[in-house]
Amino acid sequence: MFSTQFLSLSKSIGRTTSAKSLRRFVHVEKRLEELGIDLPPAPGPKANYNIVCHASGNMMYISGHLPVKADGSLMTGRIGPNGEGQSLEHGYEAARHAGLNIVSTLKSQLGDLDKVKQVVKVFGIVQSSDSFKEQHRVMDGCSDLIMEVFEKPVGYHARSAIGTSTLPLDISVEVEAIVELREE
């Protein structure tokens, strides 16, 4: 059954829900189970904004998500080579956790992950040292997760990855996404 949040979201973007549209497909949820992936609780805002995503038409814009682990701890620290920071592997794992949190937000907002028609774009910001040049490989953690969860062709997405000298709360990565929803 769809969450109350989705029903409110549907009304706010002018969608109607009929008994037929309340049907759940659960293909993606079944895949999560088969992969042994447990979604963390959907995160809430960490600053002065009250939504973690905004829907306009059949597009959903997902705010920057943090690398929050299942135990609630944040993956922190700058990524850098040769002792200048955390390892590439740490960054990859952080990006994967941020991706899990994005999927969790989608599940919370939509009620059914099969409502995702296409992951359109992922944008990742990596806190890294000036000499670190592998931000794209860090963001593979998120992209690989999205492909595991949504598979071809839904999971294929455009992507950007940039480095920065600092991020809020000393997080290692922050990831946002744009997702196209299935027509009702």
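Read on for an overview of the structure. Since the model is a prediction, treat every value here as computed from it, not as a measurement. (Residues numbered from 1 in each chain as written. Predicted model: local features only at pLDDT ≥ 70, side-chain atom pairs only at ≥ 80, totals over all residues. Heavy atoms only, no water.)

1. Examining the overall build of the protein
Rules: Note on conventions: DSSP H or I runs of at least 4 residues are helices, E runs of at least 2 residues are strands, and numbering of each starts at the N terminus. Categorising residues by exposure relies on relative accessible area from a 1.4 Å probe, with only protein chains included: less than 20% of the type maximum marks a residue as buried, more than 50% marks it as exposed, and the intermediate range marks it as partly exposed. By definition, residues are in contact when any of their heavy atoms lie within 4.5 Å. Per-residue and other accessible areas follow the Shrake-Rupley method at a 1.4 Å probe size, with only the shown protein chains counted as cover for residues.
Summing up its helical and strand segments, the protein has four helices and five strands in all. Taken across its 184 residues, the protein has 46% of its residues classed as buried. Summarising the internal contacts of the protein: among those between residues at least 6 apart in sequence, 79% fall at separations of at least 24. Of the accessible surface of the protein, which amounts to about 9300 Å², a share of 51% is contributed by carbon and sulfur atoms.

2. Focus on the sheet that holds strand 4 (residues 158–164)
How we decide: One requirement defines pairing of two strands: DSSP has to find at least two bridges between them. Note on geometry: axes are C-alpha line fits, over the in-contact stretch for helices, and angles between N-to-C directions span 0 to 180 degrees.
Here we have five strands laid out as an open sheet, ordered 1-2-5-3-4, and mixed in their pairing. Both edges of this open sheet fall to strand 1 (53–56) and strand 4, since each of them pairs with a single strand only. Looking at each pair of strands side by side, their axes are set apart by 15° on average, direction ignored. Across five bridges, strand 2 (residues 59–65) lies against strand 5 (residues 173–181) in antiparallel orientation. Note on strand 5: the bridge partner recorded for Ile62 is Ala177. In the packing of helix 3 (residues 88–110) onto the sheet, contacts are made with strand 1, strand 2, strand 3 (116–127) and strand 5, and the angle to strand 5 comes to roughly 40°. Packed onto the sheet, helix 4 (residues 135–150) meets strand 3, strand 4 and strand 5 and runs at close to 155° relative to strand 3.

3. Some words on the packing of helix 3 against helix 4
This is how the line gets drawn: Roughly parallel here means an angle under 35 degrees, roughly antiparallel means over 145, roughly perpendicular means 65 to 115, and every remaining angle is called oblique. The hand of a helix crossing depends on one turn: near helix anticlockwise from the far one by less than a right angle means left-handed, and clockwise means right-handed. Note on residue classes: Ala, Val, Leu, Ile, Met, Phe, Trp, Tyr, Cys and Pro are nonpolar, Asp, Glu, Lys and Arg are charged, and everything else, Gly too, is polar.
Close contact between helix 3 and helix 4 brings their axes to 7 Å; oriented N to C, the two are set at 40°. On the basis of the axis angle, helix 3 is oblique to helix 4. In the packing of helix 3 onto helix 4, the handedness of the crossing is right-handed. Seen from helix 3, the contacting residues are Leu88, Gly91, Tyr92, Ala95, Arg96, Gly99, Leu100, Val103 and Leu106; seen from helix 4, they are Arg137, Val138, Met139, Asp140, Gly141, Cys142, Asp144, Leu145, Glu148, Val149 and Phe150. Looking at side-chain class alone, the contact of helix 3 with helix 4 contains 12 nonpolar, three polar and five charged residues.

4. A few points about the environment of Ala98
With respect to the element layout, Ala98 can be found in helix 3. With a relative accessible area of 0%, Ala98 lands in the buried category. In this structure, the C-alpha to C-alpha distance between Ala98 and Gly124, residues 26 residues apart in sequence, is 9.5 Å. Setting aside anything within four residues of it in sequence, one finds Ala98 in contact with His65, Leu66, Pro67, Val173 and Val175.

5. Section: the nonpolar core
Under the convention used in this document: Here, nonpolar core means buried Ala, Val, Leu, Ile, Met, Phe, Trp, Tyr and Cys residues that are tied together by side-chain atoms lying within 4.5 Å of each other.
In this structure, Leu106 and Phe150 are the most contacted members of the largest nonpolar core, which totals 37 residues. Elements that contribute at least two residues to this core include exactly helix 2 (27–35), strand 1, strand 2, helix 3, strand 3, helix 4 and strand 5. With nine residues, helix 3 is the largest single contributor of residues to this core. With near-sequence residues (within four places) excluded, Phe150 lies in contact with Val28, Arg31, Val103, Leu106, Leu113, Val116, Val119 and Gly155. In this structure, Leu66, Ile125, Leu167 and Ile171 belong to the second largest nonpolar core, which totals five residues.

6. Looking at helix 3
So the rule is basically this: In this scheme, a helix's expected span is set at 1.5 Å multiplied by one less than its residue total.
Compared with an ideal rise of 1.5 Å per residue, which puts 23 residues at 33 Å, helix 3 spans 33 Å between its outermost C-alpha atoms and is within 8% of the ideal. Buried residues dominate helix 3, accounting for 17 of its 23 residues. Immediately downstream of helix 3, the backbone of Gly111 shows phi near 80°, a positive value.

7. A look at the pattern of salt bridges
Put simply, the rule reads: When a carboxyl oxygen of Asp or Glu is within 4 Å of a side-chain nitrogen of Lys or Arg, the pair counts as a salt bridge.
Inspection of every chain in the model, using the stated rule, returns seven salt bridges. Among the salt bridges present, the one from Glu180 reaches Lys117, with a minimum N-O distance of 3.7 Å. Here Lys117 lies in strand 3 and Glu180 lies in strand 5, a separation of 63 residues in the sequence.

8. What to know about the side chain of Ser172
Selection rule: Any pair of N or O atoms that falls within 3.5 Å is considered a polar contact. Within protein, one atom must be able to donate a hydrogen and the other to accept it, and sequence-neighbouring residues count only if both atoms are side-chain atoms.
Looking at where Ser172 falls in the secondary structure, it is placed in the loop between strand 4 and strand 5. Polar contacts involving the side chain of Ser172 include one to the side chain of His90, which spans 3.0 Å. Leaving out residues up to four positions away in the same chain, Ser172 has contacts with Pro67, Met75, Thr76, Gly77, Ile79, His90, Ala94, Ile125, Val126, Gln127 and Leu167.

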